[in-house]
Amino acid sequence: MRALQFILQRKIFIGLVTTLILMIGGYALLNMDEELMPPITMDGGYINIDAGNQSAAEIERTITTPLERQLESVEGIEEIRSTSYDGRSTIQLTFSRDEGDVAIKEAESITNQVTSTMNIDRVESGQYGTTQSYQFFLDLSGGDMETMSAFATNTLEPRLEELPEVRDVDILGIQKKEMNVAFNREKLQKHGLQIDQVIPILQQADEESTLGELSGEEGSPSLRWPSSIENTLEMKKLSIPVPSGFITLQDIATVSLQPQEQSSYVWKNGGKDFLFVQIGGSSNFTEIETAAAVRDEIRNMEEAELFDGFSLNEVVAQADYVEDSIDGVTNNILIGGLIAIAILLIFLRNLRATVIISISIPTSILLTLTSMWLLDYSLNMLTLVGLGLGIGMMVDSSIVILESIYNKKEEGLTGMDAVSSGIKEVATAVLASMLTTIVVFLPIGLLGGEVGQFMIVLSVVVAITLISSVMISFTLIPSLSEKFLTMSKKKRQKKDGPILKFYDRLVSWTVRKKRNSLVVLALFTMLFVSSLFLVTKIPMTLMPDVFNRYAELMIEVDEGLSQDDKQEIVTAVNHELKNIDDIESNYMMDSGGMLYTIINMTKDDQVTTEQKDVNEQIFKSLRTLEDKYPIKNVASVMDGGAASPVQVHIKGESFERLQQLAIDFKAKLENIDGIAASQTSIDRMSEEEIVQLNKTAMEDAGLNEIQIREMVQQSFLNQPIGELKINQKNVPLLINWESPIDSKEALLGISVPMTDEKKLSDFLTFETVQTPNEINHIDGERYITVSADIEGQDLGSVNRDVQGIIDDFEAPQGYSLTVAGDLEAQQQMIQEMLLIIGIAVFLVYLVMAVQFNHLFHPLIVMAVIPMTVVGVILGLFLTQRELSVMSAMGIVMLIGIVLNNAILFITRTNQLRKNGLAVDTALIESGKDRIRPIFMTSLTTAGGMLPLALASGSAGNYQAPMATVIISGLLFATFLTLLLIPAIYRLFANKKESTTNELPEETVI
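Owing to the predicted nature of the structure, the values given are computational and were not obtained by experimental measurement. (Residues numbered from 1 in each chain as written. Predicted model: local features only at pLDDT ≥ 70, side-chain atom pairs only at ≥ 80, totals over all residues. Heavy atoms only, no water.)

### Overview of the overall build of the chain
Right, on to step 1. The secondary structure content of the chain amounts to 30 helices and 28 strands.
Right, on to step 2. Residue burial in the chain is summarised as follows: out of 1005 residues, 54% are buried.
Right, on to step 3. Sequence-distant contacts in the chain: of pairs separated by 6 or more residues, those separated by 24 or more amount to 80%.
Right, on to step 4. Split by element, the accessible area of the chain, about 45500 Å² in all, is 53% carbon and sulfur.
Right, on to step 5. Between the averaged position of the 76 positive side-chain charges in the chain and that of its 130 negative side-chain charges there is a distance of 17 Å. (Helix = DSSP H or I, 4+ residues; strand = E, 2+ residues; numbered from the N terminus. Buried < 20%, exposed > 50% of the residue type's maximum accessible area, 1.4 Å probe, protein only. Contact = heavy atoms within 4.5 Å. Areas by Shrake-Rupley, 256 points an atom, 1.4 Å probe, with all protein chains shown as cover. Lys, Arg positive; Asp, Glu negative; His and termini not counted. Charge placed at Lys NZ, Arg CZ, Asp CG, Glu CD.)

Structure (structure tokens):
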């Protein structure tokens, strides 16, 4: 207390420090980055390998398995999951915590070494994180594709990339040309030519090269051979030598300059007649600043009338969602603060006291922002939710101290005497309350994955908020209260009101006899047991959705689909989306085996359907297409891409046995209520034709295997062989056949040169076999996935049913079934949260045992914790908010919050007993002394969080479940503190017990 009194006597110092906090906090507020989510690197990575037209079985044998064996030796990799498709291998890596940055680099190095000697088209790898490559999307439409492509390449991209706020501009759908040479087989044979004789001539046709140096001339000039092909006509007239002389290329092939088939792989509302522009912001600027700069530059181009015959439209600007979320949470914080102030004014009925608290709120917030700025935290959805949750709690310590000083002044003390006496009475309880609230966050670090990283950010912000508020409550509040807080003479005589009189009678009856206390304890126990039956009625999920009138989907399709196949899927998807209310537009991008889809919805006054209902209709409609088109799955990007919410892995060695087990389990899974679109990873099998050679016929004709293989390969000719420079632009040179081979009959009917007009059918036949489209591994062990979507049920209830089927399913020895996907994540999350709650409860007990210097009194306080569950369950049940990671986080926070009032109650009771009062009298007087601060702290905390609980904006689904848990649990815990705590204390306290073991009131200070 002496140190505190020393500080309080130097009000000028406190005033100057407060001014400094306001200045630095204001600067921090203006200069903190603003983003949707904090930049977090996740403990997961990926390796994608494209390998031409190899079958899934061949990919597994030659690429996936060898690479897996090498990756198993990398330190820091906990799990390796792979899928081998036709022409593609994908590997998912799970890293040990905080070792992903090093492990992914080593994994990339090993991948490059292993694949360097293989027939690989492309290798892509990286580590997952929340940072997006592009944040601003536009579309260029309404005009001629060639004109728009030229504008985008020559004007739009350079001007945007010149902006310091822009890091990169990527334009999809630009119309590119290619020189196509389609050979005629009959004309080639007529002129006695083979295709491999013509290809080198085409490759050298436009080859610029230096032939030598004229050293005898002055300056020794070099001799250069210029390009000879500058347009389509020159290409057609290219001279080709034949045995009888020379012919032109157009005599044996059709030559044309045409748009590239693969150049446009993005669709708007099912069509390709537009360009899609992706803009990535510089790391030195926020998304909001980048969006503002891009919009200004577009406005400048509009004023210069550069958009001639077409328009540039915004698709998605992440900055808008960032701004909406930040504005929404900020408004909720301001409203919550005003509600808290109004509650204080009602209870204290003293304007000066309310002004003091009102000053402490922004000061505490700015001190919190200063700390966040120093820790390099940004203003994002999570940090603002943390601030919103802290707004109610941050006035608790100030209220307790101010109310105590207020009481002392009501009793007649003045000036520093009232301040010192008031602080002395509650200082221990305030510090213990802060510590119990903060220590519950320490085990949050045990929560794994990206969810754990999100929760750590949230926890740190809440802890900073509480520490800041306690610092303000011990310095600024007493300094202002000494002179500014004055009492009128008529208020110095305290008089019990009707509520206090009723509570006096109720608590007196409770503690009068032990049987009365037993009745109260039994009543609350019955409520606790009864509430547990409502748990199954509460919806459950892993992470809540973000409702911002915008959706991102990943549509997983079969590997190896042609552009025509994908166009059919896109057309069908667009048709389904057009029939859903409130959908404005959709954009789809081809990412190999995925179709990345952006769906924009109506906003503001045009909204007719809640986004939750729109999302459900989207998934329901698109999943009906899975039976008609080669679509594997439809999932939200927020759910981790193409992973179905229900996944079960069946592991084992024999592919045939795995296939049968998967079929049997799928049949049982379909009987669960809420299961939709169930499938297995081997539902779709591909036909493969195996070449069978007639070696006897080959020997008779003088042919070998290499010649036959080259002939078959050449029959499917469709490849680029170089580039030409047409109109100062590099144009790919592509060769193929006028009549492509698309059937066995056509292939077998090809004439074989130098064999007296024999056909390929004389030398080979085909054997048809069924092969899987994909083969999956976990740590090298083969498995099949049975997956399904959920409709009309929550993840929690489906989880229980699926787990029951797994427990009852009889698998042969060597085969096992395990949950995966969201089910696995939810089960792991529940286990981790139970461990975290257990550790948090022990840490809370540790703090209070030290405070009370008593092993039993903390248990009395902690009796509130299990009973608080009643309020939590009722709150979630009545509001039908989802029990998710965010609401579970609220429960962890609640453990610390609900104990604050109980600590106040027990501390005051111990003080009164130390002064010689009997147990029952001390409990009654303690309740009367603490009922006002208990109600004030509870109601201000609940009031401050009320706007968060009612929030419905972009961040509403993140804020509301957590705030609902805290409000409902805290309000119920208030009544527990005032009734249950006296009852339990009375039951286990000895009336004649000495109080010498209990902590003196000022020991902690």
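### Things to note about the domain arrangement of the chain
Interface size is often expressed as the accessible area that is lost when the parts come together.
Right, on to step 1. Here the chain is described as being made up of domain 1 (1-20 + 355-488), domain 2 (41-129) and domain 3 (495-533 + 854-992).
Right, on to step 2. Centre-to-centre, using C-alpha coordinates, domain 2 lies 53 Å away from domain 3. (Domains from an automatic or database assignment.)

### With respect to the environment of Glu925
Right, on to step 1. For Glu925, the location among the structural elements is in helix H29 (residues 919-950).
Right, on to step 2. Taking the relative accessible area as the measure of exposure, Glu925 reaches 30% and is therefore partly exposed.
Right, on to step 3. Measuring from C-alpha to C-alpha, the distance between Glu925 and Asp168 comes to 69 Å, with 757 residues separating the pair along the chain.
Right, on to step 4. For Glu925, the contacting residues outside a window of four places in its chain are Leu912 and Leu917.

### Looking at the packing of aromatic side chains
Right, on to step 1. Per the stated rule, a full pass over the model turns up 12 aromatic pairs.
Right, on to step 2. When the centroid spacing of 5.7 Å and the interplanar angle of 45° are considered together, the rings of Phe276 and Tyr587 count as tilted. One end of the pair, Phe276, is in strand S14 (residues 274-281); the other, Tyr587, is in strand S17 (residues 583-590), with 311 residues separating them in the sequence.
Right, on to step 3. When its relative accessible area of 3% is taken as the criterion, Tyr587 is described as buried.
Right, on to step 4. Between Phe935 and Phe975, the aromatic rings sit 6.4 Å apart at their centres with planes inclined by 80°, giving edge-to-face as the arrangement. In this pair, Phe935 is assigned in helix H29 and Phe975 in helix H30 (residues 956-988), connecting sequence segments 40 residues apart.
Right, on to step 5. Put simply, the rings of Phe137, Phe274, Phe276 and Tyr587 touch in pairs and so form one group of aromatic residues.
Right, on to step 6. A cation over an aromatic ring shows up here: Arg185 above the ring of Trp737, its NZ or CZ 4.3 Å from the ring centre. (Phe/Tyr/Trp six-rings, centres within 6.5 Å; stacked < 30°, edge-to-face > 60°. Lys NZ or Arg CZ within 6 Å of the ring centre and 35° of its normal.)

### Digging into a negative patch on the surface
Right, on to step 1. Side chains of Glu75, Glu78, Asp98, Glu99, Asp101 and Glu106 sit close together on the surface and give a patch of like negative charge.
Right, on to step 2. Inspection of the secondary structure puts Glu99 in the loop between strand S3 (88-95) and helix H4 (100-115). (Patch = residues over 30% accessible without salt bridge, like charges linked within 9 Å, V, L, I, M, F, W, Y side chains within 5 Å. Salt bridge = Lys/Arg side-chain N within 4 Å of Asp/Glu carboxyl O.)

### Focus on the environment of Ile12
Right, on to step 1. Topologically, Ile12 is positioned in helix H2 (residues 11-31).
Right, on to step 2. It is 23 Å that separates the C-alpha atoms of Ile12 and Ser397, two residues lying 385 residues apart in sequence.

### With respect to a nonpolar patch on the surface
Right, on to step 1. The grouping of Leu20, Met23, Ile24, Tyr27, Trp373 and Leu374 at the surface amounts to a nonpolar patch, some 620 Å² of accessible area in total.
Right, on to step 2. Contributions of two or more residues to the nonpolar patch are made by H2 and helix H11 (351-374).
Right, on to step 3. In terms of residue count, the dominant contributor to the nonpolar patch is H2 (4 residues).
Right, on to step 4. Relative to the assigned elements, Ile24 resides in helix H2.

### A closer look at the side chain of Ser89
Right, on to step 1. By the secondary structure assignment, Ser89 is in strand S3.
Right, on to step 2. Accessibility expressed as a relative area gives 1% for Ser89, which makes it buried.
Right, on to step 3. A distance of 2.8 Å separates the side chain of Ser89 from the side chain of Thr64, its partner in a polar contact.
Right, on to step 4. Setting aside its immediate chain neighbours within four residues, Ser89 contacts Ile47, Asn48, Ile49, Ile59, Ile63, Thr64 and Thr83. (Polar contact = N/O pair within 3.5 Å; in protein donor to acceptor, adjacent residues only side chain to side chain.)

### With respect to the sheet that holds strand S23 (residues 718-726)
Right, on to step 1. Strand order in the open sheet formed by 4 strands is S12-S7-S24-S23, with mixed pairing between adjacent strands. In this open sheet, the two edge strands, each paired with only one partner strand, are strand S12 (253-259) and S23. Each strand of the sheet is rotated relative to its neighbour by a mean of 25°, with strand direction disregarded.
Right, on to step 2. When strand S7 (residues 177-183) meets strand S24 (residues 729-737), the two strands line up parallel, connected through 5 bridges. If you follow Phe183 over to S24, its bridge partner there is Trp737. (Pairing = 2+ DSSP bridges. Axes fitted to C-alpha atoms, helices over the stretch in contact; angles between N-to-C directions.)

### Comments concerning the sheet that holds strand S13 (residues 266-268)
Right, on to step 1. Spatial strand order, S13-S17-S18-S16-S19: 5 strands in an open sheet with antiparallel pairing. Edge positions in the open sheet fall to S13 and strand S19 (631-636), since each of these has one partner strand only. Strand-to-strand, the axes of this sheet are offset by a mean angle of 20°, without reference to chain direction.
Right, on to step 2. Pairing analysis gives 5 bridges linking strand S16 (residues 550-557) to S19, with the strands arranged antiparallel. Residue pairing for S19: Glu556 is matched across the bridge by Asn633.
Right, on to step 3. Each of S13, S16, S17, strand S18 (594-601) and S19 is contacted by helix H18 (residues 563-578), which is oriented at about 165° to S17, the strand it contacts most.
Right, on to step 4. Helix-sheet contacts for helix H19 (residues 611-623) involve S16, S17, S18 and S19, and the interaxial angle to S16 is about 15°.

### Re the side chain of Thr909
Right, on to step 1. Within the secondary structure layout, Thr909 lies in helix H28 (residues 885-914).
Right, on to step 2. Thr909 gets classed as buried once you look at its relative accessible area, which sits at 0%.
Right, on to step 3. Apart from the residues within four sequence positions on either side, Thr909 is in contact with Ala922, Leu923, Ser926 and Tyr985.

### So, helix H3 (residues 56-71)
Right, on to step 1. Bending of H3 peaks at approximately 35° at the position of Thr64, with proline Pro66 no more than four residues after it.
Right, on to step 2. Three or more residues of H3 are buried, namely Ala56, Ile59, Glu60, Ile63, Thr64, Thr65, Leu67, Glu68 and Leu71. (Bend = angle between axes of the 7 residues up to and from the residue.)

### Topic: the packing of helix H14 (residues 415-439) against H28
Right, on to step 1. Where H14 meets H28, the axes come as close as 9 Å, and the angle between the chain directions of the two elements is 155°. As summarised for this structure, H14 and H28 are arranged roughly antiparallel, according to the angle between their axes. In the packing of H14 onto H28, the handedness of the crossing is right-handed. Contacts from Glu425, Ala429, Ala432, Ser433, Thr436 and Thr437 in H14 reach Gly896, Ile897, Asn900, Ile903, Leu904, Thr907, Arg908 and Gln911 in H28.
Right, on to step 2. By residue class, the composition of the contact of H14 with H28 is 5 nonpolar, 7 polar and 2 charged. (Parallel < 35°, antiparallel > 145°, perpendicular 65-115°, else oblique. Left-handed = near helix turned anticlockwise from the far one by under 90°. Nonpolar A, V, L, I, M, F, W, Y, C, P; charged D, E, K, R; others polar.)

### Some words on the pattern of salt bridges
Right, on to step 1. One pass over the full model with this rule turns up 16 salt bridges.
Right, on to step 2. We note a salt bridge from Glu58 to Arg61, for which the minimum N-O separation is 2.7 Å. Separated by 3 residues within a single helix, Glu58 and Arg61 lie in helix H3, roughly one turn from each other.
Right, on to step 3. Take Glu58: its relative accessible area is 28%, and that puts it in the partly exposed class.
Right, on to step 4. Judged by relative accessible area, which is 55%, Arg61 ranks as exposed.
Right, on to step 5. Between Arg295 and Asp320 there is a salt bridge, with its nearest N and O atoms 2.8 Å apart. Placement of Arg295 in helix H9 (residues 287-303) and of Asp320 in helix H10 (residues 318-348) is noted, with a sequence separation of 25 residues between them.
Right, on to step 6. Using a relative accessible area of 23% as the deciding quantity, one classes Arg295 as partly exposed.

### Brief notes about the environment of Met118
Right, on to step 1. Its location among the elements puts Met118 in the loop between H4 and strand S4 (122-129).
Right, on to step 2. Under the relative-accessibility criterion, Met118 is labelled partly exposed at 24%.
Right, on to step 3. For the pair Met118 and Ile63, spaced 55 residues apart in sequence, the C-alpha to C-alpha distance is 8.0 Å.
Right, on to step 4. Non-local contacts of Met118, meaning those with residues more than four positions away in its chain, are made with Thr62 and Ile63.

### Quick notes on H9
Right, on to step 1. Counted at 1.5 Å a residue, the expected span for H9 with its 17 residues is 24 Å, and the 24 Å between its end C-alpha atoms agrees.
Right, on to step 2. Along H9, the residues classified as buried are Ile288, Thr290, Ala291, Ala293, Val294, Glu297, Ile298 and Met301.
Right, on to step 3. Of the residues flanking the end of H9, it is Glu305, one or two places downstream, whose phi is positive at about 55°. (Expected span 1.5 Å × (residues − 1).)

### Structural notes on the packing of helix H27 (residues 864-879) against H28
Right, on to step 1. Two elements in contact, H27 and H28, have axes whose closest approach is 10 Å; the angle formed by their N-to-C orientations is 120°. Crossing angle aside, the handedness with which H27 passes H28 is right-handed. Side by side, H27 and H28 meet where Val864, Ile865, Thr868 and Val872 of the first sit next to Ile891, Leu894, Ile895, Val898, Leu899 and Ala902 of the second.
Right, on to step 2. Looking at the contact of H27 with H28 residue by residue, the classes come out as 9 nonpolar, 1 polar and no charged.

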